[in-house]
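Each chain, written out:
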Amino acid sequence: MITKFSDRLYADLNKDLNLLVLEEDQLIKRLEKSIHVCLKYLRKLKDYCKLNDPGTPEEEILFFKQIKPKFKSQLIFYQSLLNMEIRKPIGNGKVVSDYFANEIKILYHFFESNLSFYQYVRTEATYLDEYYFVRGNYDVHLDPDQCMIDFDPAFSTTHDHKLAQVLASELMQEHLEQAIQKINQREAIIQLDSEFRDFDWKQTKCALIELIYSWHATEAFGKKNLKSIVKFIEKAFNISLGNFYDTYDWLCGRPSPTLYIDEMKEAFLLRIQKRLR
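Residues numbered from 1 in each chain as written. Predicted model: local features only at pLDDT ≥ 70, side-chain atom pairs only at ≥ 80, totals over all residues. Heavy atoms only, no water.

Points about the overall build of the protein
What counts is decided by this rule: Each helix corresponds to a stretch of at least 4 residues labelled H or I by DSSP, and each strand to a stretch of at least 2 residues labelled E; elements are numbered beginning at the N terminus. For each residue, the accessible area found with a 1.4 Å probe, counting protein chains only, is set against the maximum for its type, and the residue is called buried under 20%, exposed over 50%, and partly exposed in between. Note on areas: Shrake-Rupley, 1.4 Å probe, and residue coverage restricted to the protein chains presented here. Think of it this way: Lys and Arg go in the positive column, Asp and Glu in the negative one, and His and the chain ends go nowhere. Think of each charge as sitting on NZ of Lys, CZ of Arg, CG of Asp or CD of Glu.
A count of helices and strands for the protein gives 11 helices and zero strands. When the helices and strands of the protein are listed from N to C terminus, the series reads α-α-α-α-α-α-α-α-α-α-α. The dimensions of the protein, computed from C-alpha atoms along their principal axes, are 80 × 40 × 35 Å. Burial statistics for the protein: of 277 residues in total, 39% are counted as buried. Carbon and sulfur atoms form 55% of the exposed surface of the protein, whose accessible area is close to 17300 Å². Counting 38 positive and 41 negative side-chain charges, the protein places the averaged centre of each group 7 Å from the other.

Observations concerning the environment of Ile 90
Residue placement: Ile 90 occurs in the loop between α3 (57-87) and α4 (93-113). On the accessibility criterion, Ile 90 (87% relative accessible area) is exposed. Through-space distance from the C-alpha of Ile 90 to that of Ile 233 is 26 Å; in sequence the pair is 143 residues apart.

Some words on the packing of aromatic side chains
Formally: A pair of aromatic rings is counted whenever rings of Phe, Tyr or Trp (Trp by its six-membered ring) have centres within 6.5 Å, and the orientation is called stacked for planes under 30 degrees apart, edge-to-face for over 60 and tilted otherwise. Two conditions define a charge located above a ring, namely a distance within 6 Å from the ring centre to NZ of Lys or CZ of Arg, and an angle within 35 degrees of the ring normal.
Following the criterion strictly, the structure yields 18 aromatic pairs and no others. Between the aromatic rings of Phe 63 and Phe 64, the centroid separation amounts to 4.9 Å while the plane-to-plane angle is 90 degrees, which identifies the pairing as edge-to-face. Like Phe 63, the residue Phe 64 is buried in the burial classification. On the basis of an interplanar angle of 55 degrees and a centroid distance of 5.9 Å, the ring pair of Phe 63 and Phe 155 is categorised as tilted. Of this pair, Phe 63 sits in helix α3 while Phe 155 is found in the loop between α6 (129-132) and α7 (160-192), placing the two residues 92 residues apart along the sequence. There is no split in this pair, since Phe 63 and Phe 155 are both buried. The rings of Phe 117, Tyr 120, Tyr 127, Tyr 132 and Phe 133 are connected pair by pair, giving a single aromatic cluster. The aromatic ring of Tyr 41 is capped on one face by Lys 44, whose charged end is 4.7 Å from the ring centroid.

Quick notes on the pattern of salt bridges
Stated precisely, the cut-off is as follows: Only one rule defines a salt bridge in this text: a Lys or Arg side-chain nitrogen within 4 Å of an Asp or Glu carboxyl oxygen.
Per the stated rule, a full pass over the model turns up 11 salt bridges. Lys 88 is the salt-bridge partner of Glu 85, the closest N and O atoms lying 3.2 Å from each other. By relative accessible area, which is 14% here, Glu 85 ends up buried. When salt bridges with common partners are traced through the structure, they connect Asp 53, Glu 60 and Arg 135 into a single cluster.

Re the packing of helix α8 (residues 205-217) against helix α11 (residues 259-276)
Applied cut-off: Orientation is described by lines fitted to C-alpha atoms, with helices fitted over the stretch in contact, and by angles between N-to-C directions that extend from 0 to 180 degrees. When an angle is under 35 degrees it counts as roughly parallel; over 145 it counts as roughly antiparallel; between 65 and 115 it counts as roughly perpendicular; any other value is oblique. Residues are treated as being in contact if the distance between any of their heavy atoms lies within 4.5 Å. When residue character is reported, Ala, Val, Leu, Ile, Met, Phe, Trp, Tyr, Cys and Pro are called nonpolar, Asp, Glu, Lys and Arg charged, and the others, Gly included, polar.
For the pair α8 and α11, the least separation of the axes is 8 Å and the interaxial angle reads 85 degrees. Between α8 and α11, the crossing angle belongs to the class labelled roughly perpendicular. Only Leu 259, Tyr 260, Ile 261 and Met 264 of α11 make contact with α8, whose side of the interface consists of Ala 207, Glu 210, Leu 211 and Ser 214. Its residues assigned to classes, the contact of α8 with α11 comprises six nonpolar, one polar and one charged.

A look at the side chain of Thr 157
Stated precisely, the cut-off is as follows: Two N or O atoms form a polar contact when they lie within 3.5 Å of each other; inside protein one atom must be a possible hydrogen donor and the other a possible acceptor, and for residues adjacent in sequence the pair counts only when both atoms belong to side chains.
Take Thr 157: it is sitting in the loop between α6 and α7. Assessed through its relative accessible area of 3%, Thr 157 is described here as buried. Within the structure, the side chain of Thr 157 is placed 2.8 Å from the backbone oxygen of Tyr 132, a separation counted as a polar contact.

Here's what the structure looks like:
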């Protein structure tokens, strides 16, 4: 029962996070709102756990190893991302790239400091689950999370928070590596021709996805599949479009699904009228 509930809840969490990408263009504000969304869903999970308390060690391990860390890792990830963005230096590509590279070094230090547990997680081991992910078990020799003394004992084990930190760190590492790759690609293009400087997409992501689906529908790129077109556009315009399938569903539900296309048509016709005057 708790698995079905948590799966639906996690899907709703991701849906709300994706909606923020569409609705909030200002990155810092979007990250702040994302943190509040993660907190809301973590509270919902906690409330459900109180009403449907795991009754056996097996159920506890399932909840505190597979379910809760997945939710909490999102909260930790967005909090870390916000802190990183606030501290990010203003400068050229190399300055920002070096900053991101240093953040990756910090993540490596975290993994090394928790190497034994990290290896346990990565190898999908289970032989210590009853100590790590069952409430009330505190073994000082297994490096328990020191913060758990401040946590709700009914909603915490010695290692579920640490597992959430591991998952969040992996998400952050992936995010940073992709960010560095984008910077390097952009710098390479600029070095080839300075005329290509500042050719990033300046409109909303929704607007670009409108165009992509239109190009795909009219076979503007031949028989290329939608995913390939999205990857090409992301690289060309130095942008990440996230879950564009969800965005398309959201566009279909708007009063005007072709808002940007209509705006383009109006602007183009106005330009023609000016030329004819």
